[in-house]
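Close look at the chain arrangement
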Amino acid sequence: MNIEAKTENLPEIYPITPSDFSLEKNLKQLDKINFFQYRRKNTDKKIVKNDLAFLKKSLRVILNSCHKDFYQDDFFGMHLTSNDLMKISENPISKDKILGASCHNPDEINKALVLGVDYIFISPIRKNQKLNKALGWKGFKNICKQIDIPIFALGGVGPEDLENSRNNGGYGVSGIRKFW
């Protein structure tokens, strides 16, 4: 399957669930958002398993690799954390599913491209809670010039930054707090 066919359904605004998100409690909200990444790091596996039981087959869900033990073919794809990205040597899912990765430096970007991911998150664009230095839109643009797959801006951005992402060569924006 070619990358265009796999990524034509990627939204430009890509929400990621917060740690305290519950699918059961947010089913009505998911009627408006039919594509998102499920990511509840540091959540008990029993809670994650129960939460994933509420998934509707009509939802396009990318499962974060921190929950790789729960991955099944009915997910739309998987998103690799930067740590998981650096630990693997081949695509961990079926080639007809979407694979993405979080990247914060050139080594991670190169590894993602070698693995053949379908899209990447570049972060942080703006200052964030972690120690990674913010790239700014100029740094984001420099990366986008070198890559020919969809790139999402992440880290201190919101849906209102979609035009900035596009103007700097990006495909879209992604995040947690400003997206729900």
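Below: a short report on this structure.

Cut-offs used in this document
Residues numbered from 1 in each chain as written. Predicted model: local features only at pLDDT ≥ 70, side-chain atom pairs only at ≥ 80, totals over all residues. Heavy atoms only, no water. Phe/Tyr/Trp six-rings, centres within 6.5 Å; stacked < 30°, edge-to-face > 60°. Helix = DSSP H or I, 4+ residues; strand = E, 2+ residues; numbered from the N terminus. Buried < 20%, exposed > 50% of the residue type's maximum accessible area, 1.4 Å probe, protein only. Lys NZ or Arg CZ within 6 Å of the ring centre and 35° of its normal. Pairing = 2+ DSSP bridges. Axes fitted to C-alpha atoms, helices over the stretch in contact; angles between N-to-C directions. Contact = heavy atoms within 4.5 Å. Salt bridge = Lys/Arg side-chain N within 4 Å of Asp/Glu carboxyl O. Arc of directions from axis to C-beta. Polar contact = N/O pair within 3.5 Å; in protein donor to acceptor, adjacent residues only side chain to side chain. Core = buried A, V, L, I, M, F, W, Y, C linked by side-chain atoms within 4.5 Å.

1. Section: the packing of aromatic side chains
- Inspection of every chain in the model, using the stated rule, returns 12 aromatic pairs.
- For the pair F35 and F76, a centre-to-centre distance of 5.7 Å together with 90° between the ring planes defines the contact as edge-to-face. With F35 in strand β2 (residues 35–38) and F76 in the loop between β3 (60–64) and β4 (77–80), this residue pair connects regions lying 41 residues apart in the sequence.
- Among the residues examined, F76 registers a relative accessible area of 21% and is labelled partly exposed.
- What links up through ring pairs into an aromatic cluster is the set Y14, F35, F76, Y119, F121, F152 and Y171.
- One cation-aromatic arrangement involves R60 over F76; the distance from NZ or CZ to the ring centre is 5.5 Å.

2. Considering the sheet that holds β4
- Pairing in this open sheet of 8 strands is parallel, and the strands run β1-β8-β7-β6-β5-β4-β3-β2 from one edge to the other. Edge positions in the sheet fall to β1 (13–15) and β2, since each has one partner strand and no second. Neighbouring strand axes in the sheet, compared pairwise and without regard to direction, differ in orientation by 25° on average.
- Along the sheet, helix α4 (residues 106–115) makes contact with β4, β5 (98–103) and β6 (119–122), crossing β5 at roughly 170°.
- Contacts from helix α5 (residues 136–144) reach β6 and β7 (151–153) within the one sheet, and its direction differs from that of β7 by about 175°.

3. Let's talk about the pattern of salt bridges
- Counted according to the given criterion, the structure contains 6 salt bridges.
- One salt bridge in this structure joins D84 and K68, with 3.4 Å as the shortest N-O distance. Of the two residues, D84 sits in helix α3 (residues 82–87) while K68 sits in the loop between β3 and β4, which places them 16 residues apart along the sequence.
- On the basis of relative accessible area, D84 is assigned to the buried category, the value being 11%.
- Take K68: its relative accessible area is 44%, and that puts it in the partly exposed class.
- With its nearest N and O atoms 2.9 Å apart, the salt bridge here joins R126 to D161. A residue pair is termed long-range when its members are at least 10 positions apart, and R126 in the loop between β6 and α5 and D161 in the loop between β7 and α6 (162–167) qualify at 35 residues.
- In this structure R126 comes out as partly exposed when scored by relative accessible area, which is 31%.
- Judged by its relative accessible area of 4%, D161 is buried.

4. Overview of helix α2 (residues 45–52)
- For α2, the complete set of buried residues consists of V48, D51 and L52. Along α2, the residues classed as buried sweep out an arc of 95° about the axis, all on the same side. Across from the buried face of α2, at angles greater than 90 degrees, the exposed residues are K46 and K49.
- Taken together, the buried residues of α2 touch β2 and β3.
- The N-cap residue of α2 is D44: its side-chain oxygen and the backbone nitrogen of K46 are 2.8 Å apart.

5. Topic: the nonpolar core
- Among the nonpolar cores identified, the biggest contains 40 residues, and L52, I120 and I122 are the most heavily contacted of them.
- Counting residues per element, this core draws most heavily on α5, at 4 residues.
- In this view, L52 contacts L23, Y38, L63, F70 and F75; residues no more than four positions away in its chain are not counted.

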